[in-house]
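A structural walkthrough
In case you want the letters, here they are:
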Amino acid sequence: QVQPVESGGGLVQPGGSLRLSCVVSGSGFIIDGMAWFRQAPGKERELVAGITSAGDITYDDSVKGRFAISRGSAKNTVYLQMNNLKPEDTAVYSCNAVVPTMSGGRRAYWGQGTPVTVSY
């Protein structure tokens, strides 16, 4: 069973930093790519940052220069370093892991999410 589990969310003041972690449990699979998404109250879920198995990285324009995504040496872990946080970054952040299937397709697995609140 492939299961991403996030941690590291919390309450932080504007201008502060947080580091989110996501560990994908299970065995017998290879992770193709990993990403962080977020969903703010009343809004649709959006991609924050993604990283492929080859190390190619993409960021939403709203977080470029402030957030950094990276993968751990074990390849089943992904981090999101968030600096200079703004109130508009407040959301539930979820981890996504894409795993190739036996039939040649790809399947995405989601974590439960970790809340991030940026406020005084």
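The structure reproduced in this document is the subject of the present report. (Residues numbered from 1 in each chain as written. Predicted model: local features only at pLDDT ≥ 70, side-chain atom pairs only at ≥ 80, totals over all residues. Heavy atoms only, no water.)

Structural notes on the sheet that holds strand β3 (residues 18-25)
One open sheet accounts for four strands, arranged β1-β3-β8-β7; its pairing is antiparallel. Every other strand in the sheet has two partners, leaving β1 (3-7) and β7 (67-71) as the edge strands with one partner each. Shown here is a sheet whose adjacent strand axes are inclined to one another by a mean of 15 degrees, direction ignored. Inspection of the sheet shows β7 paired to strand β8 (residues 77-82) by five bridges, in the antiparallel sense. For Ala-68, the partnering residue across the bridge sits in β8 and is Gln-81. (Pairing = 2+ DSSP bridges. Helix = DSSP H or I, 4+ residues; strand = E, 2+ residues; numbered from the N terminus. Axes fitted to C-alpha atoms, helices over the stretch in contact; angles between N-to-C directions.)

Considerations on unusual backbone geometry
Note: most peptide bonds trans; most residues except glycine with negative phi. Of note in the backbone geometry, Lys-75 takes a positive phi value of approximately 70 degrees without being a glycine. Here Lys-75 lies in the loop between β7 and β8. One non-glycine residue, Asn-84, adopts positive backbone phi at about 50 degrees. Tracing the backbone shows Asn-84 in the loop between β8 and β9 (91-100). Residue classification places Asn-84 among the partly exposed residues on the basis of a relative accessible area of 42%. (Buried < 20%, exposed > 50% of the residue type's maximum accessible area, 1.4 Å probe, protein only.)

With respect to the pairing of strand β11 (residues 114-118)
Burial along β11 is one-sided: the face carrying Thr-114, Val-116 and Val-118 is buried and the face carrying Pro-115 and Thr-117 is not. For strand β2 (residues 10-12) and β11, the ladder comprises three bridges, and the chain directions are parallel. Residue Gly-10 lies in a different strand from β11, and its bridge partner there is Val-116. Alignment of β9 against β11, held across three bridges, turns out to be antiparallel. Within β11, the residue paired with Val-92 across the bridge is Pro-115.

Brief notes about the environment of Ser-21
In this structure, Ser-21 sits in strand β3. Beyond its immediate sequence surroundings of up to four residues, Ser-21 is in contact with Val-5, Glu-6, Ser-7, Trp-36, Val-78 and Tyr-79. (Contact = heavy atoms within 4.5 Å.)

Overview of the pattern of salt bridges
Summed over the entire model, instances satisfying the criterion amount to five salt bridges. Taking the shortest distance from any N to any O, the salt bridge between Arg-106 and Asp-32 comes out at 3.2 Å. Highlighted residues: Arg-106 in strand β10 (residues 106-110) and Asp-32 in the loop between β3 and β4 (33-39), separated in sequence by 74 residues. Since its relative accessible area comes to 58%, Arg-106 is described here as exposed. (Salt bridge = Lys/Arg side-chain N within 4 Å of Asp/Glu carboxyl O.)

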